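Here is how the chains run, residue by residue.
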Amino acid sequence: MLFQSAARGLSARVGRQLARRGAPINSTSVASTVLRGYSATRPDQSGSQFIFSRLGDTAKITPIIAKLQQECWDGYVSTGRGCHTLFQLLDTDSSGRISWQEIRFFLENVRESDINPAARKEVLERTADGHLHFPEFQAWLVQATKVDPGTKNRFASEHYHAAVGSLPRPVDSEHSWNKHTMSQNLRRMQYAVRGEVVIKADAMAAEGRKIIYTNIGNPHAVGQKPITYYRQVMALCDLPAECGIANPQVSSAFPVDVVERAIEMRSAIGPAGTGAYTNSQGIGKFRDDIAHFITARDGHVSFPSSIFLTNGASAAIENVLTGLIGDNRHAVMIPIPQYPIYSAIISRLGARQVGYYLDEDRGWAITERELEERRTAAVERDGLDIRALTLINPGNPTGQVLSREDLEIICKFCAKYDIVLLADEVYQKNIYVDDKEFVSAKKVAIETPGCENLQLISFHSTSKGLIGECGRRGGYMELHNIDPYIHTQLYKLASSGLCSSVDGQMMMSLMVRPPLPGDDSYDLFAKEEAAIFDSLKRRAVSLVQGLNDIDGVQCQPSEGAMYAFPQIDLPPKALDAAAEHDQTPDTMYALSLLEHTGICVVPASGFGQKEGRIGFRTTFLPPEDELNEAIVEFKRHHALFCDKYA
């Protein structure tokens, strides 16, 4: 299939090249020759040999083979499929093996950045005195497409080995499903916030070490208390009626507004209760609540039919990208630094990511020039088709709050090039600076001339904000200016998963429609929310100040969200040591921090950053006393680390 796709894509270009060389063949016959050759190829004859034999003069068509190899390599990089076809294309003499000359020809004609440098060197050295047969080539592709230096799953593998104990462990070749035959997109996928450092932290915690987990935005896991109103309503929705809303004593145990809301929600859920499947798009009454929330927030009407309730924002993002990506040339523009769920899903779906860099020196600002330059390079140089652009506001991991001007730049850019805008707005309530406010991408799109037809999908979640109910898996997406046919296909995709968590649907309804002034629960609710917000605001300031007080550490203000993303300066010897251990410098630093202090952070390389930058992401979610201790430990460790490599 990849060979066929590459042949079709090349047909016009090949025809033009042959015409310029005086070859008596047109583009249609080239495509048909390649496709006929592929389908008729004997087991002992490679696709490229067939092309050579049909087109004659090797010197004339060498550029065509180079281009075809590049096309098939692009397909493999994107989809993780087609390694056998690629092997046939490299095996130009149909010997059943790849020589040094053949691998060198291939390496000279593909993008250097696509291939792990160590793997490039290794294969040239290996074939200098021998050849690669298909199983060896397949194994080499695993090394060639490694995302980063280091073995990110090393600790997971060690845990597996411990679990099987003394049982004999077959080598990969004895399993039909192994690292060579598995989905290569899954193998290459990385998700840094649950990566090597976190796996090591879990292992240390299992051995009794105290670990301060600052690697992920999981508020309740580090001590944030649940808000009483939400939990009371949820309890009454889940309890059998005779134990809850229909119990004569219920009014003595729960406030009146809690009981009334639970009765209303149980009616919306229906007599089957919270243990039954719901409509695949979500319970209608809860979507009504979300539509009213969005309408009040933006001043522009929202329609319940355009809202999908999902298992957190992550599931919504995955569904949208699944529907958007239809070709290995499709690409999604994402901010760098970015939340790794985007790169992970894009990689697994076999698409390309195009990073647009946020300007750290300007508080992680977005510029029109950066967007235009990245798009031009992707489209005109790399031949990619940009399908969507993601914005994260407030930023994760960067913590900035986008201004209306920033949002207008993005909306106009997407409208200009007919790019679908994906607005990740899960931190919209987490804004800690007085001179910034949250403005939704939808509001800006509706109010900005030229953006009338902008295709937009926005995401929200119960996992963040002041509610922090990550485990409930509550989320929604709202579709704006999306083709009705696409809407039906997204519904079909949602239907394949039956429905999102009913707990999450209920929690989303509660989050967007909390108690109002005058309700019995309001005073306690407001007090609990204010305590959470005020503490987050204090922690955001104290963490950034503490990091900036460390020599060699610089950190932009955390205006919103739950994170700080400092940059650190390391001695040259530390960089050399990281290279010797086949690790990124910030991974080595984060592992050292974990070993010496028990603080678990995420290396900045997992989020993407400019070349030469070193840093990490940390939350400010731990309790204030624990966070203050961590700030002291950050400073102590940095001094120890720099002294070690001075």
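Every residue gets a number counted from 1 within its own chain, in the order that chain's sequence is written. Per-residue local features of the predicted model are confined to residues with pLDDT of at least 70, and side-chain atom pairs are confined, for both listing and counting, to 80 or more; whole-chain, interface and lining totals are unaffected and use all residues. Side-chain numbers come from the whole structure's heavy atoms, not from hydrogens or water.

Engineer: Would you mind going over the overall build of the protein chain with me for this structure?
Structural biologist: Helix and strand assignments come from DSSP, with helices taken as H or I runs of at least 4 residues and strands as E runs of at least 2, each series counted from the N terminus. Helix and strand counts for the protein chain stand at 26 helices and 14 strands. In the protein chain, which comprises 646 residues, the proportion classed as buried is 53%. We call two residues contacting when some pair of their heavy atoms lies within 4.5 Å. Contacts in the protein chain between residues far apart in sequence, at least 24 positions, make up 73% of those at least 6 positions apart. In this description, accessible areas are obtained by the Shrake-Rupley approach with a 1.4 Å probe, and a residue is regarded as covered only by the protein chains that are shown. Split by element, the accessible area of the protein chain, about 28400 Å² in all, is 52% carbon and sulfur. Only protein chains enter the area calculation, which uses a 1.4 Å probe; residues under 20% of their type maximum are buried, those over 50% are exposed, and those in between are partly exposed.

Engineer: Hey, could you run me through the side chain of His 300 in this one?
Structural biologist: Within the fold, His 300 resides in the loop between helix H15 (284-298) and strand S2 (307-311). N or O atoms within 3.5 Å of each other form a polar contact, as long as, within protein, one can give a hydrogen and the other can take it, and as long as residues adjacent in sequence are counted only when both atoms are side-chain atoms. Side chain to side chain, His 300 and Glu 447 meet in a polar contact 2.8 Å long. With near-sequence residues (within four places) excluded, His 300 lies in contact with Ile 294, Thr 295, Lys 442, Lys 443, Ile 446 and Glu 447.

Engineer: Explain the packing of helix H6 (residues 100-109) against helix H7 (residues 117-128) to me, please; I cannot follow it from the model alone.
Structural biologist: Note on definitions: angles span 0 to 180 degrees between N-to-C directions of axes, and those axes are lines fitted to C-alpha atoms, for helices only across the stretch in contact. Across the interface, H6 lies against H7 with an axial gap of 9 Å and an inter-helix angle of 155°. Between H6 and H7, the angle falls in the class roughly antiparallel. As H6 runs across H7, the sense of the crossing is left-handed. Mapping the contact onto sequence places Trp 100, Ile 103, Arg 104 and Leu 107 in H6 and Arg 120, Val 123, Leu 124, Thr 127 and Ala 128 in H7. Looking at the contact of H6 with H7, its residues break down into six nonpolar, one polar and two charged. Orientation categories follow fixed angle ranges, with anything under 35 degrees roughly parallel, anything over 145 roughly antiparallel, 65 to 115 roughly perpendicular, and all other angles oblique. Take the far helix as the reference: if the near one is turned anticlockwise from it by less than a right angle, the crossing is left-handed, and if turned clockwise, right-handed. Basically, the charged four are Asp, Glu, Lys and Arg, the nonpolar ten are Ala, Val, Leu, Ile, Met, Phe, Trp, Tyr, Cys and Pro, and anything else, Gly included, counts as polar.

Engineer: Is there a simple way to think about the confidence of the model for the protein chain in this case?
Structural biologist: In the predicted model, the protein chain carries a mean pLDDT of 83, and 85% of its residues have values of at least 70. Low pLDDT, under 50, characterises residues 1-60; the stretch is placed with 84 contacts to residues that sit more than four places away or in other chains. With pLDDT under 50 throughout, residues 149-153 is counted as low confidence; its partners more than four residues away or in other chains account for eight contacts. One confidence number per residue, pLDDT, is output by the predictor and ranges from 0 to 100.

Engineer: Help me out: how do you make sense of the nonpolar core in this one?
Structural biologist: Looking at soluble globular proteins, one finds that nonpolar side chains tend to be buried together. To form a nonpolar core, buried Ala, Val, Leu, Ile, Met, Phe, Trp, Tyr and Cys residues must be joined to one another through side-chain atoms within 4.5 Å. Ranked by size, the top nonpolar core spans 107 residues in total, and within it Leu 321, Leu 422, Phe 459, Met 477, Leu 547 and Phe 634 carry the most contacts. For Leu 321, the contacting residues outside a window of four places in its chain are Val 332, Ile 345, Ile 346, Leu 349 and Leu 422. Counting 34 residues, the second-largest nonpolar core is a separate cluster that includes Leu 391, Ile 410, Leu 456 and Phe 607.

Engineer: Any chance you could explain the environment of Thr 448 here in plain terms?
Structural biologist: Along the chain, Thr 448 turns up in the loop between helix H20 (441-447) and strand S7 (456-461). Note: C-alpha distance between Thr 448 and Lys 412 (36 residues apart in sequence) is 8.0 Å. Aside from chain neighbours lying at most four places away, what touches Thr 448 is Glu 408 and Lys 412.

Engineer: Before we go on, may I ask you to explain the sheet that holds strand S5 (residues 385-392) in this structure?
Structural biologist: Within a sheet, adjacent strands bond to each other through the backbone by hydrogen bonds, running parallel or antiparallel. A pair of strands counts as paired when DSSP detects no fewer than two bridges linking them. In space, the seven strands of this open sheet follow the order S2-S8-S7-S6-S5-S3-S4, with mixed pairing throughout. Edge strands, defined here as strands with exactly one partner in the open sheet, are S2 and strand S4 (352-357). Strand-to-strand twist of the sheet, defined as the mean angle between neighbouring strand axes without regard to direction, takes the value 25°. Sheet topology note: the S5/strand S6 (residues 420-424) ladder contains five bridges and is parallel. Note that in S6 the partner of Leu 389 across the bridge is Leu 421. H15 contacts S2, S7 and strand S8 (474-480) of the sheet and is inclined by roughly 110° relative to S2. The strands touched by helix H17 (residues 341-349) are strand S3 (330-336), S4, S5 and S6; relative to S3, the strand with the most contacts, the crossing angle is about 165°.

Engineer: Teacher, can you tell me more about the sheet that holds strand S14 (residues 616-619) here?
Structural biologist: The strand order across the open sheet formed by three strands is S10-S14-S13, and the pairing between neighbours is antiparallel. The sheet is open, and its two borders are formed by strand S10 (563-564) and strand S13 (602-603), each paired with just one other strand. With two bridges connecting them, S10 and S14 associate as antiparallel partners. Bridge pairing in S14 places Tyr 563 opposite Thr 619.

Engineer: What is the right way to look at the packing of aromatic side chains in this model?
Structural biologist: In this description, an aromatic ring pair is defined by two values, namely the gap between the centres and the angle between the planes. Think of it this way: a Phe, Tyr or Trp ring, Trp meaning its six-membered ring, pairs with another when their centres are within 6.5 Å, and the plane angle makes it stacked under 30 degrees, edge-to-face over 60, tilted otherwise. With the rule as written, the count across this model stands at 16 aromatic pairs. A ring pair is formed by Phe 616 and Phe 634, whose centres lie 5.6 Å apart and whose planes are at 20°; its orientation type is stacked. Residue Phe 616 is found in strand S14, and its partner Phe 634 is found in helix H26 (residues 624-644); the two are separated by 18 residues along the sequence. Like Phe 634, Phe 616 is buried. Grouping aromatic residues by their ring pairs yields a cluster made of Tyr 589, Phe 616, Phe 634, Phe 641 and Tyr 645. Criterion for a charge above a ring: Lys NZ or Arg CZ within 6 Å of the ring centre, and within 35 degrees of the ring normal. Stacked on the ring of Tyr 417, the Lys or Arg Arg 375 has its end atom at 3.7 Å from the ring centre.

Engineer: What is the right way to look at the pairing of S8 in this model?
Structural biologist: Among the seven residues in S8, seven count as buried, and that is most of the element. A two-sided burial pattern is seen for S8, the buried positions comprising Gly 474, Tyr 476, Glu 478 and His 480 on one face and Gly 475, Met 477 and Leu 479 on the other. Strand direction decides the pairing type here: S2 and S8, joined by five bridges, are antiparallel. By the bridge assignment, Asn 311 is partnered in S8 with Gly 474.

Engineer: I tried to follow the pattern of salt bridges on my own but got confused; where do I start?
Structural biologist: If the charged atoms of two oppositely charged side chains come close together, the side chains can form a pair. By definition, a salt bridge exists where a carboxyl oxygen of Asp or Glu is found within 4 Å of a side-chain nitrogen of Lys or Arg. Throughout the structure, instances matching the rule amount to 27 salt bridges. One salt bridge connects Lys 285 with Asp 289, and the closest N-O pair in it is separated by 2.8 Å. Of the two residues, Lys 285 and Asp 289 are both situated in helix H15; the distance of four residues between them amounts to about one turn of the helix. According to the relative accessible area criterion, Lys 285 is partly exposed, its value standing at 29%. Classification of Asp 289 by relative accessible area gives buried; the value is 5%. Between Glu 559 and Lys 436 there is a salt bridge, with its nearest N and O atoms 3.0 Å apart. Within this pair, whereas Glu 559 is found in the loop between strand S9 (553-554) and S10, its partner Lys 436 is found in the loop between S6 and H20, the two being separated by 123 residues in sequence.

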